[in-house]
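Observations on chain architecture
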Amino acid sequence: EAGVVQSPRYKIIEKKQPVAFWCNPISGHNTLYWYLQNLGQGPELLIRYENEEAVDDSQLPKDRFSAERLKGVDSTLKIQPAELGDSAVYLCASSAGGARETQYFGPGTRLLVL
Amino acid sequence: LAKTTQPISMDSYEGQEVNITCSHNNIATNDYITWYQQFPSQGPRFIIQGYKTKVTNEVASLFIPADRKSSTLSLPRVSLSDTAVYYCLVGDSDNYGQNFVFGPGTRLSVLP
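Read on for a plain summary of the structure. (Residues numbered from 1 in each chain as written. Chains lettered and ligands numbered in written order. Predicted model: local features only at pLDDT ≥ 70, side-chain atom pairs only at ≥ 80, totals over all residues. Heavy atoms only, no water.)

Overview of the overall build of chain A
For chain A, the count of helices and strands is zero helices and eleven strands. Listed N to C, the secondary structure of chain A is β-β-β-β-β-β-β-β-β-β-β in terms of helices and strands. The C-alpha atoms of chain A give a radius of gyration of 13 Å, which matches the 13 Å a tight globule of 114 residues would have. Residues classed as buried in chain A amount to 46% of the 114 residues present. For chain A, restricting intrachain contacts to residue pairs at least 6 apart in sequence, the fraction spanning at least 24 positions comes to 53%. Put simply, chain A shows about 5,700 Å² of open surface, and 49% of that area lies on carbon and sulfur atoms. (Helix = DSSP H or I, 4+ residues; strand = E, 2+ residues; numbered from the N terminus. Rg over C-alpha atoms; globule rule 2.2 N^0.38 Å. Buried < 20%, exposed > 50% of the residue type's maximum accessible area, 1.4 Å probe, protein only. Contact = heavy atoms within 4.5 Å. Areas by Shrake-Rupley, 256 points an atom, 1.4 Å probe, with all protein chains shown as cover.)

Here's what the structure looks like:
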């Protein structure tokens, strides 16, 4: 069974430029998460989807970050414009749903903003 | 959301048993305790989950006392490949589902 797929794996951009990350969750997983992970820190939840509905986006900086999950499968996270402080690893995870379900993480996208 | 506290780092030697304790004093009745492992340049990976007493799988054991205010992840006979960061999470299952919060984790270094 294929795991969570993310692309690109690495991205280098200049500040003020836009950037987008793509995630394909495990087939059949209704719940999708986007996390941000800074160096030496644990992942921080940005947004959680149940199917195509964003049910928790309280930590998403909505002035520059946006996300979508069309048709309840793939998801895209966008930053526009990017700032130096956005340099981090962006992780996508999926689960079958429910409080006890295991989250399966992708390898992440490492973003460097210059 | 229940907060967790873990040691920032631990060192061990190959073949030893490693116990990592996590404190979660404000754990709620419906919360489960979950541990993840993360290697460099990879996303976290599920290790084990429990609610009370003891849970064991092929990788680790999880010990949870009766008051559930702490839990201990036990890794038997660690090897160099167990060097990783270990996260303790406490799930807050409300009507909107879980919202697990990752702390900084415990960085385990296994030495030869």
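Here we look at the pattern of salt bridges
Residue and element names in this part refer to chain A. Applying the stated rule across the entire model yields four salt bridges over all chains. A salt bridge links aspartate 86 to arginine 64, with the nearest nitrogen and oxygen atoms 2.6 Å apart. With a gap of 22 residues between them, aspartate 86 in the loop between strand E8 (75-79) and strand E9 (88-95) and arginine 64 in the loop between strand E6 (53-56) and strand E7 (65-68) connect regions that are remote in the sequence. Aspartate 86 gets classed as buried once you look at its relative accessible area, which sits at 6%. Relative accessible area serves as the criterion here: at 13%, arginine 64 is assigned to the buried category. When salt bridges with common partners are traced through the structure, they connect Arg64, Glu83 and Asp86 into a single cluster. (Salt bridge = Lys/Arg side-chain N within 4 Å of Asp/Glu carboxyl O.)

A look at the sheet that holds strand E1 (residues 5-7) of chain A
Sheet strands associate in pairs through backbone hydrogen bonding, adopting either a parallel or an antiparallel arrangement. Residues and elements named next belong to chain A. In spatial order, the strands read E1-E3-E8-E7; together these four strands make up an open sheet with antiparallel pairing. Across the chains shown, the open sheet's two edge strands, defined by having one partner strand only, are E1 and E7. Taken pair by pair, the neighbouring strands of this sheet meet at an average axis angle of 15°, ignoring direction. (Pairing = 2+ DSSP bridges. Axes fitted to C-alpha atoms, helices over the stretch in contact; angles between N-to-C directions.)

Remarks on the state of the cysteines
Joining two cysteines, a disulfide is a covalent bond between their sulfur atoms. By the definition in use, this model includes two disulfides over all chains. At a sulfur-sulfur separation of 1.9 Å, the disulfide partner of cysteine 23 of chain A is cysteine 92 of chain A. Of note, the bridge from cysteine 23 of chain A to cysteine 92 of chain A carries an S-S torsion of about -70° and is left-handed in sense. Of the two residues, cysteine 23 of chain A sits in strand E3 (residues 19-24) while cysteine 92 of chain A sits in strand E9, which places them 69 residues apart along the sequence. There is no split in this pair, since cysteine 23 of chain A and cysteine 92 of chain A are both buried. Here cysteine 22 of chain B pairs with cysteine 88 of chain B through a disulfide, and the sulfurs are 2.2 Å apart. Between cysteine 22 of chain B and cysteine 88 of chain B the sulfur-sulfur dihedral comes to about -80°; the bridge is accordingly left-handed. In this pair, cysteine 22 of chain B is assigned in strand E2 (residues 18-23) and cysteine 88 of chain B in strand E8 (residues 84-90), connecting sequence segments 66 residues apart. The same class applies to cysteine 22 of chain B and to cysteine 88 of chain B, which are both buried. (Disulfide = S-S within 2.5 Å.)

Considerations on the packing of aromatic side chains
Evaluated as defined, the whole model comprises eleven aromatic pairs over all chains. With a centroid separation of 5.6 Å and 90° between ring planes, the pair formed by tyrosine 35 of chain A and phenylalanine 102 of chain B is classed as edge-to-face. Remark: phenylalanine 102 of chain B occurs in the loop between E8 and strand E9 (106-111) and tyrosine 35 of chain A occurs in strand E4 (residues 31-37); the pair is interchain, linking two chains. Pairing phenylalanine 65 of chain A with tyrosine 90 of chain A gives two aromatic rings, centres 6.5 Å apart and planes at 40°, and the pair type is tilted. (Phe/Tyr/Trp six-rings, centres within 6.5 Å; stacked < 30°, edge-to-face > 60°.)

Thoughts on unusual backbone geometry
Going from serine 7 of chain A to proline 8 of chain A, the amide bond is cis rather than trans, its omega being -10°. Relative to the elements of secondary structure, proline 8 of chain A occurs in the loop between E1 and strand E2 (10-13). Between glutamine 80 of chain A and proline 81 of chain A the backbone carries a cis peptide bond, its omega angle lying at -5°. A positive phi angle, close to 60°, is found at arginine 68 of chain B, a residue other than glycine. Mapping arginine 68 of chain B onto the fold places it in the loop between strand E6 (61-64) and strand E7 (70-75).

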